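One letter stands for each residue in the lines below.
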Amino acid sequence: MTAALEPVLKRIDEDFDNSVARLCELLRIKSIGTDPAYDEETRRAAQWCADQFKEMGFDSAVRNTPGQPMVVAHYTPPDATDRTPRVMYYGHYDVQPPDPLELWDSDPFEPTIVEAEHGKRIVARGANDDKGQFMTFVSAFRAWTDVHGSLPVKIIVFLEGEEESASPSLEPFLEANQEELAADICIVSDSEAWSIETPAITYMLRGMVFIDVTLKGPAMDLHSGMYGGGVVNPNNALARILGELHDENGLIQIPGMYDDVRELSEAEAKAWENLGFDDAGFLGGIGLKESTGEKGRTLLQRLWSRPTCDVNGMWGGYIGQGAKTVIPAEAHAKISCRLVPDQDPEKIYNGLVKFLKDRTPPDCTWEIECHGKNPAIRVPTESPYLEAALKGLRATFDNPPVLIGCGGSIPVVGSFQRILGFDSLLAGFGLEDDRIHSPNEKFELKCYHNGIRSQAAMMHSLAELAQ
Ligand code: BES
Ligand code: MN
Ligand code: MN
(Lines give C-alpha, C1' and ligand atoms only; values in the text may rest on other atoms or scores of the structure.)
(Ligands and ions follow the chains in the order given, each with its own letter.)
Protein backbone atom coordinates (compact mmCIF):
# COMPACT_ATOMS: atom_id res chain seq x y z
CA MET A 1 0.00 0.00 0.00
CA THR A 2 2.91 2.37 0.70
CA ALA A 3 3.41 2.11 -3.03
CA ALA A 4 0.26 4.23 -3.41
CA LEU A 5 1.57 7.01 -1.14
CA GLU A 6 5.07 7.55 -2.53
CA PRO A 7 4.07 9.00 -5.92
CA VAL A 8 1.50 11.24 -4.21
CA LEU A 9 4.17 12.71 -1.92
CA LYS A 10 6.33 13.27 -4.97
CA ARG A 11 3.48 14.98 -6.78
CA ILE A 12 2.87 17.22 -3.70
CA ASP A 13 6.51 18.33 -3.79
CA GLU A 14 6.44 19.03 -7.54
CA ASP A 15 3.16 20.91 -7.39
CA PHE A 16 3.87 22.86 -4.20
CA ASP A 17 4.17 26.25 -5.96
CA ASN A 18 0.67 25.77 -7.36
CA SER A 19 -0.63 24.84 -3.89
CA VAL A 20 0.80 28.12 -2.61
CA ALA A 21 -0.76 30.03 -5.52
CA ARG A 22 -4.18 28.49 -4.82
CA LEU A 23 -3.96 29.38 -1.12
CA CYS A 24 -3.02 32.96 -2.06
CA GLU A 25 -6.07 33.15 -4.33
CA LEU A 26 -8.31 32.20 -1.40
CA LEU A 27 -6.51 34.56 0.99
CA ARG A 28 -7.31 37.49 -1.31
CA ILE A 29 -11.04 36.99 -0.67
CA LYS A 30 -12.11 39.10 2.31
CA SER A 31 -14.32 36.56 4.05
CA ILE A 32 -14.81 38.41 7.33
CA GLY A 33 -17.81 36.33 8.33
CA THR A 34 -18.76 38.37 11.37
CA ASP A 35 -19.16 41.69 9.47
CA PRO A 36 -22.28 41.98 7.27
CA ALA A 37 -20.43 44.52 5.10
CA TYR A 38 -18.38 41.54 3.81
CA ASP A 39 -21.27 39.12 3.19
CA GLU A 40 -20.73 39.11 -0.56
CA GLU A 41 -17.01 38.37 -0.19
CA THR A 42 -17.75 35.68 2.37
CA ARG A 43 -20.09 33.98 -0.08
CA ARG A 44 -17.49 34.31 -2.81
CA ALA A 45 -15.02 32.41 -0.60
CA ALA A 46 -17.59 29.64 -0.09
CA GLN A 47 -18.14 29.41 -3.84
CA TRP A 48 -14.39 29.36 -4.49
CA CYS A 49 -14.03 26.40 -2.12
CA ALA A 50 -17.03 24.55 -3.55
CA ASP A 51 -15.52 24.95 -7.04
CA GLN A 52 -12.22 23.39 -5.90
CA PHE A 53 -14.01 20.18 -4.95
CA LYS A 54 -16.18 20.20 -8.07
CA GLU A 55 -12.99 20.31 -10.17
CA MET A 56 -11.80 17.17 -8.40
CA GLY A 57 -15.00 15.28 -9.11
CA PHE A 58 -16.77 15.80 -5.80
CA ASP A 59 -20.51 16.38 -5.58
CA SER A 60 -20.04 19.86 -4.15
CA ALA A 61 -22.34 22.77 -3.29
CA VAL A 62 -22.68 26.01 -1.37
CA ARG A 63 -25.55 25.51 1.06
CA ASN A 64 -27.54 28.41 2.45
CA THR A 65 -28.23 28.93 6.14
CA PRO A 66 -29.78 31.87 7.99
CA GLY A 67 -26.17 33.09 8.44
CA GLN A 68 -23.09 32.42 6.30
CA PRO A 69 -23.31 29.47 3.90
CA MET A 70 -21.78 26.03 4.42
CA VAL A 71 -19.80 24.17 1.78
CA VAL A 72 -20.56 20.46 1.62
CA ALA A 73 -18.78 18.18 -0.85
CA HIS A 74 -19.16 14.39 -1.16
CA TYR A 75 -16.87 11.86 -2.73
CA THR A 76 -17.21 8.08 -3.03
CA PRO A 77 -14.33 6.09 -4.56
CA PRO A 78 -15.42 3.95 -7.55
CA ASP A 79 -14.14 0.80 -5.81
CA ALA A 80 -15.59 1.63 -2.35
CA THR A 81 -16.99 -1.16 -0.20
CA ASP A 82 -18.93 -1.13 3.09
CA ARG A 83 -15.57 -1.31 4.84
CA THR A 84 -14.14 1.83 3.22
CA PRO A 85 -13.91 4.47 5.99
CA ARG A 86 -16.18 7.50 5.75
CA VAL A 87 -14.02 10.48 6.62
CA MET A 88 -15.31 13.98 7.19
CA TYR A 89 -12.88 16.86 6.68
CA TYR A 90 -13.75 20.07 8.54
CA GLY A 91 -12.47 23.62 8.13
CA HIS A 92 -13.70 27.22 8.28
CA TYR A 93 -13.33 29.69 5.43
CA ASP A 94 -14.29 32.74 7.52
CA VAL A 95 -11.51 34.84 9.05
CA GLN A 96 -11.19 37.27 11.92
CA PRO A 97 -11.44 40.99 11.14
CA PRO A 98 -7.92 42.28 10.38
CA ASP A 99 -8.11 45.25 12.79
CA PRO A 100 -6.07 47.12 13.91
CA LEU A 101 -5.02 47.68 10.30
CA GLU A 102 -2.21 50.10 11.07
CA LEU A 103 -0.27 47.35 12.84
CA TRP A 104 0.08 45.22 9.69
CA ASP A 105 3.34 45.43 7.73
CA SER A 106 1.46 44.58 4.52
CA ASP A 107 -2.15 44.46 3.29
CA PRO A 108 -3.89 41.67 5.27
CA PHE A 109 -5.73 40.54 2.12
CA GLU A 110 -2.73 40.71 -0.22
CA PRO A 111 -0.77 37.61 0.77
CA THR A 112 2.91 38.49 1.01
CA ILE A 113 5.78 36.00 0.98
CA VAL A 114 8.43 36.90 3.54
CA GLU A 115 11.78 35.21 4.19
CA ALA A 116 12.38 34.41 7.88
CA GLU A 117 14.14 31.90 10.17
CA HIS A 118 12.21 28.84 8.91
CA GLY A 119 12.41 29.86 5.24
CA LYS A 120 9.51 31.46 3.40
CA ARG A 121 6.22 32.31 5.11
CA ILE A 122 2.88 33.70 3.89
CA VAL A 123 1.64 36.75 5.75
CA ALA A 124 -2.11 37.43 5.44
CA ARG A 125 -5.31 37.26 7.48
CA GLY A 126 -6.36 33.59 7.45
CA ALA A 127 -2.88 32.38 6.34
CA ASN A 128 -3.08 29.91 9.25
CA ASP A 129 -6.61 30.28 10.73
CA ASP A 130 -8.08 28.51 8.94
CA LYS A 131 -7.52 28.88 5.20
CA GLY A 132 -3.90 27.71 5.20
CA GLN A 133 -4.75 24.87 7.54
CA PHE A 134 -7.67 23.44 5.58
CA MET A 135 -5.99 23.96 2.22
CA THR A 136 -3.58 21.22 3.42
CA PHE A 137 -6.25 18.58 2.82
CA VAL A 138 -7.57 20.27 -0.32
CA SER A 139 -4.06 20.14 -1.82
CA ALA A 140 -3.59 16.55 -0.65
CA PHE A 141 -6.83 15.52 -2.41
CA ARG A 142 -5.64 17.24 -5.56
CA ALA A 143 -2.26 15.50 -5.60
CA TRP A 144 -3.88 12.13 -4.90
CA THR A 145 -6.42 12.50 -7.71
CA ASP A 146 -3.70 13.77 -10.09
CA VAL A 147 -1.72 10.57 -9.49
CA HIS A 148 -4.39 7.90 -9.02
CA GLY A 149 -7.46 9.40 -10.71
CA SER A 150 -9.52 8.74 -7.56
CA LEU A 151 -9.31 9.02 -3.76
CA PRO A 152 -8.86 6.09 -1.33
CA VAL A 153 -11.59 6.85 1.25
CA LYS A 154 -15.18 8.09 1.26
CA ILE A 155 -15.08 11.80 1.92
CA ILE A 156 -17.43 14.50 3.12
CA VAL A 157 -15.87 17.96 3.17
CA PHE A 158 -17.67 20.30 5.55
CA LEU A 159 -16.61 23.96 5.63
CA GLU A 160 -18.37 26.67 7.59
CA GLY A 161 -18.21 30.46 7.46
CA GLU A 162 -19.26 31.33 11.00
CA GLU A 163 -16.63 29.64 13.16
CA GLU A 164 -15.19 32.95 14.30
CA SER A 165 -18.67 34.12 15.34
CA ALA A 166 -19.56 31.10 17.48
CA SER A 167 -21.28 29.13 14.66
CA PRO A 168 -24.94 30.11 15.21
CA SER A 169 -26.15 28.18 12.13
CA LEU A 170 -24.06 25.07 12.69
CA GLU A 171 -26.13 22.87 15.00
CA PRO A 172 -29.45 23.44 13.20
CA PHE A 173 -27.67 22.54 9.93
CA LEU A 174 -26.20 19.34 11.41
CA GLU A 175 -29.58 18.39 12.84
CA ALA A 176 -31.37 18.98 9.54
CA ASN A 177 -28.79 16.98 7.56
CA GLN A 178 -27.87 14.17 9.93
CA GLU A 179 -28.20 11.34 7.44
CA GLU A 180 -26.29 13.10 4.70
CA LEU A 181 -23.45 13.93 7.09
CA ALA A 182 -22.99 10.45 8.58
CA ALA A 183 -19.28 9.58 8.92
CA ASP A 184 -16.89 7.45 11.01
CA ILE A 185 -14.40 10.13 11.97
CA CYS A 186 -13.64 13.77 11.28
CA ILE A 187 -10.24 15.29 10.49
CA VAL A 188 -10.02 18.86 11.77
CA SER A 189 -7.10 21.06 10.75
CA ASP A 190 -7.60 24.12 12.92
CA SER A 191 -5.13 23.49 15.75
CA GLU A 192 -1.39 23.68 16.32
CA ALA A 193 1.63 21.48 15.84
CA TRP A 194 3.97 21.13 18.81
CA SER A 195 6.82 22.77 16.88
CA ILE A 196 7.98 23.11 13.30
CA GLU A 197 9.66 19.68 13.49
CA THR A 198 7.18 17.91 15.79
CA PRO A 199 3.60 17.23 14.74
CA ALA A 200 0.78 16.93 17.28
CA ILE A 201 -2.71 15.62 17.74
CA THR A 202 -4.79 17.77 20.10
CA TYR A 203 -6.97 15.69 22.41
CA MET A 204 -8.37 18.39 24.72
CA LEU A 205 -9.95 21.73 23.87
CA ARG A 206 -11.28 24.29 26.30
CA GLY A 207 -14.92 25.36 26.08
CA MET A 208 -16.22 28.87 26.33
CA VAL A 209 -18.91 31.18 27.66
CA PHE A 210 -18.78 34.71 26.29
CA ILE A 211 -20.95 37.72 26.96
CA ASP A 212 -21.30 41.47 26.41
CA VAL A 213 -22.40 43.53 29.42
CA THR A 214 -23.65 47.08 29.77
CA LEU A 215 -23.93 48.76 33.16
CA LYS A 216 -26.45 51.59 32.96
CA GLY A 217 -26.53 54.44 35.50
CA PRO A 218 -27.58 58.06 35.05
CA ALA A 219 -30.13 58.95 32.38
CA MET A 220 -27.50 60.86 30.37
CA ASP A 221 -23.80 61.71 30.25
CA LEU A 222 -23.04 64.29 32.98
CA HIS A 223 -20.54 67.06 33.75
CA SER A 224 -18.01 65.36 36.03
CA GLY A 225 -17.56 68.53 38.10
CA MET A 226 -21.22 69.28 38.65
CA TYR A 227 -22.05 65.66 39.50
CA GLY A 228 -18.72 63.94 40.24
CA GLY A 229 -18.39 62.50 43.73
CA GLY A 230 -22.13 62.65 44.31
CA VAL A 231 -23.52 60.13 41.83
CA VAL A 232 -22.62 56.72 40.47
CA ASN A 233 -20.07 56.59 37.61
CA PRO A 234 -20.75 53.38 35.62
CA ASN A 235 -17.15 53.30 34.35
CA ASN A 236 -15.72 53.39 37.89
CA ALA A 237 -18.29 50.89 39.12
CA LEU A 238 -17.75 48.42 36.26
CA ALA A 239 -13.97 48.59 36.63
CA ARG A 240 -14.28 47.83 40.35
CA ILE A 241 -16.64 44.89 39.72
CA LEU A 242 -14.41 43.43 36.99
CA GLY A 243 -11.46 43.82 39.34
CA GLU A 244 -13.21 41.46 41.75
CA LEU A 245 -13.37 38.63 39.19
CA HIS A 246 -10.06 37.20 40.51
CA ASP A 247 -8.67 37.05 44.04
CA GLU A 248 -5.03 37.67 44.91
CA ASN A 249 -4.17 34.01 44.16
CA GLY A 250 -5.61 34.22 40.67
CA LEU A 251 -8.73 32.22 41.57
CA ILE A 252 -11.92 33.20 39.76
CA GLN A 253 -14.66 34.42 42.11
CA ILE A 254 -17.69 33.44 39.99
CA PRO A 255 -19.92 31.27 42.20
CA GLY A 256 -19.57 27.56 41.36
CA MET A 257 -16.61 28.16 39.02
CA TYR A 258 -14.51 25.29 40.40
CA ASP A 259 -17.29 22.93 41.56
CA ASP A 260 -16.85 20.48 38.68
CA VAL A 261 -13.24 21.11 37.67
CA ARG A 262 -11.38 17.81 37.68
CA GLU A 263 -7.81 17.66 38.97
CA LEU A 264 -5.32 16.52 36.39
CA SER A 265 -4.39 12.85 36.75
CA GLU A 266 -0.81 12.13 37.72
CA ALA A 267 -0.21 10.32 34.45
CA GLU A 268 -1.42 13.31 32.48
CA ALA A 269 0.60 15.79 34.54
CA LYS A 270 3.66 13.62 33.93
CA ALA A 271 3.02 13.33 30.19
CA TRP A 272 2.70 17.12 29.91
CA GLU A 273 5.86 17.60 31.96
CA ASN A 274 7.66 15.29 29.53
CA LEU A 275 6.74 17.50 26.60
CA GLY A 276 9.39 19.91 27.89
CA PHE A 277 7.40 23.07 27.24
CA ASP A 278 9.63 26.11 26.90
CA ASP A 279 7.92 28.66 29.21
CA ALA A 280 10.56 31.34 28.64
CA GLY A 281 10.39 30.94 24.85
CA PHE A 282 6.59 31.08 24.87
CA LEU A 283 6.57 34.23 27.00
CA GLY A 284 9.53 35.82 25.21
CA GLY A 285 7.71 35.51 21.88
CA ILE A 286 4.99 37.86 23.17
CA GLY A 287 7.29 40.32 24.92
CA LEU A 288 6.85 38.93 28.46
CA LYS A 289 9.05 37.34 31.09
CA GLU A 290 6.65 36.16 33.75
CA SER A 291 3.57 33.99 33.63
CA THR A 292 0.61 34.93 35.85
CA GLY A 293 -2.56 33.15 36.94
CA GLU A 294 -3.48 30.50 39.43
CA LYS A 295 -0.76 29.83 41.97
CA GLY A 296 0.73 26.33 42.21
CA ARG A 297 0.16 25.28 38.59
CA THR A 298 2.56 25.07 35.68
CA LEU A 299 2.01 27.40 32.74
CA LEU A 300 0.90 24.52 30.51
CA GLN A 301 -1.60 23.33 33.14
CA ARG A 302 -3.03 26.85 33.41
CA LEU A 303 -3.39 27.05 29.63
CA TRP A 304 -4.84 23.61 29.00
CA SER A 305 -6.61 22.35 32.11
CA ARG A 306 -7.74 25.33 34.20
CA PRO A 307 -10.69 27.66 33.60
CA THR A 308 -10.23 31.36 32.90
CA CYS A 309 -12.16 34.59 32.97
CA ASP A 310 -10.92 37.43 30.78
CA VAL A 311 -12.14 40.89 29.93
CA ASN A 312 -11.77 41.07 26.15
CA GLY A 313 -12.82 44.68 25.81
CA MET A 314 -14.07 47.56 27.93
CA TRP A 315 -15.29 50.99 26.98
CA GLY A 316 -17.54 53.83 28.06
CA GLY A 317 -17.53 57.61 28.31
CA TYR A 318 -15.27 59.71 26.13
CA ILE A 319 -12.59 57.77 24.28
CA GLY A 320 -11.72 60.31 21.57
CA GLN A 321 -8.75 62.71 21.34
CA GLY A 322 -8.05 65.24 24.08
CA ALA A 323 -9.88 65.73 27.36
CA LYS A 324 -13.57 65.70 28.13
CA THR A 325 -14.73 65.78 31.72
CA VAL A 326 -17.73 63.53 31.72
CA ILE A 327 -19.48 60.88 33.79
CA PRO A 328 -20.89 58.42 31.27
CA ALA A 329 -24.46 57.14 31.39
CA GLU A 330 -23.22 53.61 30.74
CA ALA A 331 -20.15 51.38 30.67
CA HIS A 332 -19.47 48.26 28.59
CA ALA A 333 -17.34 45.15 28.69
CA LYS A 334 -16.84 41.91 26.77
CA ILE A 335 -16.10 38.98 29.04
CA SER A 336 -15.16 35.40 28.21
CA CYS A 337 -14.57 32.32 30.34
CA ARG A 338 -12.62 29.33 28.99
CA LEU A 339 -13.97 26.09 30.42
CA VAL A 340 -12.36 22.73 31.12
CA PRO A 341 -13.80 19.20 31.05
CA ASP A 342 -16.86 18.55 33.26
CA GLN A 343 -17.75 22.23 33.69
CA ASP A 344 -21.33 22.95 32.62
CA PRO A 345 -21.45 26.09 30.41
CA GLU A 346 -25.03 26.88 31.52
CA LYS A 347 -24.02 26.77 35.17
CA ILE A 348 -20.97 28.99 34.58
CA TYR A 349 -23.09 31.45 32.61
CA ASN A 350 -25.61 31.63 35.47
CA GLY A 351 -22.75 32.04 37.96
CA LEU A 352 -21.27 34.88 35.95
CA VAL A 353 -24.63 36.67 35.73
CA LYS A 354 -25.11 36.20 39.50
CA PHE A 355 -21.59 37.52 40.18
CA LEU A 356 -22.48 40.72 38.30
CA LYS A 357 -26.02 41.12 39.67
CA ASP A 358 -24.87 40.58 43.27
CA ARG A 359 -22.69 43.67 42.80
CA THR A 360 -25.19 45.97 41.07
CA PRO A 361 -24.57 49.51 42.32
CA PRO A 362 -27.60 51.55 43.53
CA ASP A 363 -29.72 52.98 40.68
CA CYS A 364 -27.88 50.84 38.09
CA THR A 365 -29.12 48.07 35.80
CA TRP A 366 -27.40 45.45 33.64
CA GLU A 367 -27.96 44.50 30.04
CA ILE A 368 -26.36 41.17 29.26
CA GLU A 369 -26.06 39.56 25.84
CA CYS A 370 -24.67 36.03 25.46
CA HIS A 371 -22.58 35.15 22.39
CA GLY A 372 -22.27 31.47 23.08
CA LYS A 373 -21.86 28.67 25.59
CA ASN A 374 -20.00 25.49 24.75
CA PRO A 375 -18.35 22.83 26.86
CA ALA A 376 -14.73 21.72 26.87
CA ILE A 377 -13.98 18.68 24.76
CA ARG A 378 -11.90 15.56 25.00
CA VAL A 379 -11.43 13.12 22.16
CA PRO A 380 -10.35 9.49 22.65
CA THR A 381 -6.61 8.93 23.00
CA GLU A 382 -7.00 5.35 21.85
CA SER A 383 -8.72 4.33 18.64
CA PRO A 384 -7.79 2.80 15.30
CA TYR A 385 -8.41 6.18 13.68
CA LEU A 386 -5.99 7.91 16.03
CA GLU A 387 -3.44 5.16 15.37
CA ALA A 388 -3.86 5.69 11.64
CA ALA A 389 -3.38 9.45 11.99
CA LEU A 390 -0.26 8.95 14.13
CA LYS A 391 1.09 6.53 11.57
CA GLY A 392 0.57 9.11 8.83
CA LEU A 393 2.35 11.78 10.85
CA ARG A 394 5.25 9.42 11.57
CA ALA A 395 5.62 8.85 7.84
CA THR A 396 6.01 12.56 7.08
CA PHE A 397 7.97 14.02 10.04
CA ASP A 398 11.35 13.01 11.48
CA ASN A 399 10.15 13.56 15.07
CA PRO A 400 7.36 11.35 16.41
CA PRO A 401 3.97 13.05 16.98
CA VAL A 402 2.87 14.09 20.49
CA LEU A 403 -0.56 14.33 22.12
CA ILE A 404 -1.34 17.81 23.40
CA GLY A 405 -4.03 19.97 24.98
CA CYS A 406 -5.12 23.33 23.70
CA GLY A 407 -6.23 26.56 25.34
CA GLY A 408 -8.47 27.56 22.42
CA SER A 409 -11.93 26.33 21.48
CA ILE A 410 -13.24 24.51 18.41
CA PRO A 411 -16.90 24.01 19.41
CA VAL A 412 -17.78 22.09 16.25
CA VAL A 413 -15.96 19.04 17.64
CA GLY A 414 -18.54 18.82 20.46
CA SER A 415 -21.42 19.37 18.02
CA PHE A 416 -20.21 16.47 15.85
CA GLN A 417 -19.98 14.23 18.93
CA ARG A 418 -23.43 15.18 20.18
CA ILE A 419 -25.44 15.42 16.96
CA LEU A 420 -23.66 13.18 14.46
CA GLY A 421 -22.09 10.73 16.92
CA PHE A 422 -18.49 10.67 15.68
CA ASP A 423 -15.21 11.90 17.13
CA SER A 424 -12.61 14.14 15.57
CA LEU A 425 -8.88 13.92 15.04
CA LEU A 426 -7.40 17.35 15.60
CA ALA A 427 -4.33 17.37 13.42
CA GLY A 428 -3.19 20.93 12.78
CA PHE A 429 0.03 22.32 11.38
CA GLY A 430 0.14 25.91 12.70
CA LEU A 431 2.74 27.24 15.12
CA GLU A 432 2.13 29.08 18.38
CA ASP A 433 3.82 32.20 16.96
CA ASP A 434 1.61 32.35 13.83
CA ARG A 435 -0.25 35.35 15.32
CA ILE A 436 -3.72 34.01 14.62
CA HIS A 437 -6.36 36.71 15.28
CA SER A 438 -3.49 39.28 15.44
CA PRO A 439 -1.84 41.64 12.94
CA ASN A 440 0.71 39.99 10.60
CA GLU A 441 -0.84 36.51 10.87
CA LYS A 442 1.44 34.06 9.04
CA PHE A 443 1.86 30.43 8.02
CA GLU A 444 5.28 28.93 7.36
CA LEU A 445 5.49 27.38 3.88
CA LYS A 446 7.30 24.49 5.56
CA CYS A 447 4.23 23.91 7.78
CA TYR A 448 1.93 24.12 4.76
CA HIS A 449 4.09 21.69 2.79
CA ASN A 450 4.46 19.19 5.65
CA GLY A 451 0.75 19.61 6.36
CA ILE A 452 -0.19 18.61 2.80
CA ARG A 453 2.17 15.62 2.92
CA SER A 454 0.73 14.58 6.29
CA GLN A 455 -2.84 14.84 5.05
CA ALA A 456 -1.99 12.49 2.19
CA ALA A 457 -0.22 10.06 4.54
CA MET A 458 -3.06 10.12 7.07
CA MET A 459 -5.62 9.52 4.34
CA HIS A 460 -3.52 6.60 3.17
CA SER A 461 -3.40 5.05 6.66
CA LEU A 462 -7.13 5.59 7.11
CA ALA A 463 -7.75 3.79 3.83
CA GLU A 464 -5.65 0.87 5.11
CA LEU A 465 -8.14 0.38 7.93
CA ALA A 466 -10.52 -1.12 5.36
CA GLN A 467 -8.25 -4.14 4.81
N1 BES B 1 -8.51 27.87 15.34
C2 BES B 1 -9.04 28.53 16.48
C3 BES B 1 -8.96 27.68 17.74
C4 BES B 1 -7.55 27.45 18.22
C5 BES B 1 -6.85 28.49 18.77
C6 BES B 1 -6.96 26.23 18.10
C7 BES B 1 -5.55 28.29 19.19
C8 BES B 1 -5.66 26.05 18.51
C9 BES B 1 -4.96 27.07 19.06
C10 BES B 1 -10.49 28.92 16.18
O11 BES B 1 -10.66 29.48 14.91
C12 BES B 1 -10.92 29.97 17.16
O13 BES B 1 -10.42 31.07 17.09
N14 BES B 1 -11.88 29.63 18.02
C15 BES B 1 -12.51 30.61 18.84
C16 BES B 1 -13.86 30.03 19.16
C17 BES B 1 -14.96 31.00 19.42
C18 BES B 1 -15.10 32.16 18.49
C19 BES B 1 -16.26 30.28 19.64
C20 BES B 1 -11.69 30.80 20.11
O21 BES B 1 -11.01 29.88 20.60
O22 BES B 1 -11.70 31.95 20.61
MN1 MN C 1 -9.74 28.41 13.46
MN1 MN D 1 -9.92 31.60 15.00
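Presented here is an overview of the structure given in this document.

Conventions we followed
Residues numbered from 1 in each chain as written. Chains lettered and ligands numbered in written order. Predicted model: local features only at pLDDT ≥ 70, side-chain atom pairs only at ≥ 80, totals over all residues. Heavy atoms only, no water. Helix = DSSP H or I, 4+ residues; strand = E, 2+ residues; numbered from the N terminus. Expected span 1.5 Å × (residues − 1). Buried < 20%, exposed > 50% of the residue type's maximum accessible area, 1.4 Å probe, protein only. Contact = heavy atoms within 4.5 Å. Donors = N, O, S within 2.8 Å, 3.2 Å for Na, K, Ca; no water. Tetrahedral: all angles 85-135°; square planar, octahedral: opposite > 155°, others 65-115°. Core = buried A, V, L, I, M, F, W, Y, C linked by side-chain atoms within 4.5 Å. Pairing = 2+ DSSP bridges. Axes fitted to C-alpha atoms, helices over the stretch in contact; angles between N-to-C directions. Parallel < 35°, antiparallel > 145°, perpendicular 65-115°, else oblique. Left-handed = near helix turned anticlockwise from the far one by under 90°. Nonpolar A, V, L, I, M, F, W, Y, C, P; charged D, E, K, R; others polar.

A word on helix α2 (residues 16-27). Helix length check: α2 (twelve residues) gives 16 Å between terminal C-alpha atoms against 16 Å at 1.5 Å per residue, within 8%. For α2, the full list of buried residues reads F16, S19, V20, R22, L23, C24, L26 and L27. In the core, the buried residues of α2 are packed alongside α1 (2-14), α3 (39-55), β4 (112-116), β5 (119-123), α4 (131-148) and α13 (445-464).

This paragraph deals with the coordination of the manganese ion (ligand 3). Around a metal, the idealised angle for a tetrahedral arrangement of four donor atoms is 109.5 degrees; for an octahedral arrangement of six donor atoms it is 90 or 180 degrees. Taken together, D129 (OD), E164 (OE), E164 (OE) and H437 (NE2) make up the full set of protein donors to the manganese ion (ligand 3), lying 2.1 to 2.6 Å away. Coordination at the manganese ion (ligand 3) is irregular: its six donor atoms span angles of 54 to 156° at the metal. All donors of the manganese ion (ligand 3) belong to a single chain; written as a sequence motif, their spacing is D-x34-E-x272-H. Here the manganese ion (ligand 3) and the manganese ion (ligand 2) are spaced 3.5 Å apart, with D129 acting as a shared donor. Here E164, found in the loop between β6 (154-160) and α5 (170-176), pairs with H437, found in the loop between β18 (423-428) and β19 (442-444); they are 273 residues apart in sequence, far enough to count as distant.

Let's shift gears to the nonpolar core. Judged by nonpolar contacts, the single largest core of 68 residues is most densely connected at F53, F58, F141 and I155. Ranked by the residues each element gives to this core, the list is headed by α13, at ten residues. Ignoring anything within four residues of it in the chain, the contact list for F141 reads F53, M56, F58, Y89, L151, I155, V157 and M459. Counting 36 residues, the second-largest nonpolar core is a separate cluster that includes V72, L174, M204 and L300.

With that out of the way, let us pick up the pairing of strand β1 (residues 59-63). Taking every second residue as pointing to the same face, the buried face of β1 carries S60 and V62, while none of D59, A61 and R63 on the other face is buried. Connecting the antiparallel pair β1 and strand β2 (residues 70-75) is a turn made up of six residues.

All right, on to the packing of α1 against α13 then. It is the contact of α1 with α13, at a shortest axis distance of 10 Å, that shows an interaxial angle of 160°. Looking at the two axes, α1 sits roughly antiparallel to α13. Relative to α13, α1 is oriented so that their crossing is right-handed. Taken together, the residues of α13 that come into contact with α1 (itself represented by T2, A4, L5, V8, L9, I12 and D13) are H449, I452, R453, A456, A457 and H460. The residue makeup of the contact of α1 with α13, split by class, is eight nonpolar, three polar and two charged.

Turning next to the packing of α4 against α13. Put simply, α4 and α13 touch, their axes get as near as 8 Å, and they point 55° apart. Judged by the inter-axis angle, α4 sits oblique to α13. Judged by the sense of rotation from one axis to the other, the crossing of α4 with α13 is right-handed. Of α13, the residues touching α4 (which contributes G132, M135, T136, F137, S139, A140, F141 and W144) are Y448, G451, I452, Q455, A456, M459 and H460. Broken down by class, the residue content of the contact of α4 with α13 amounts to nine nonpolar, six polar and no charged.

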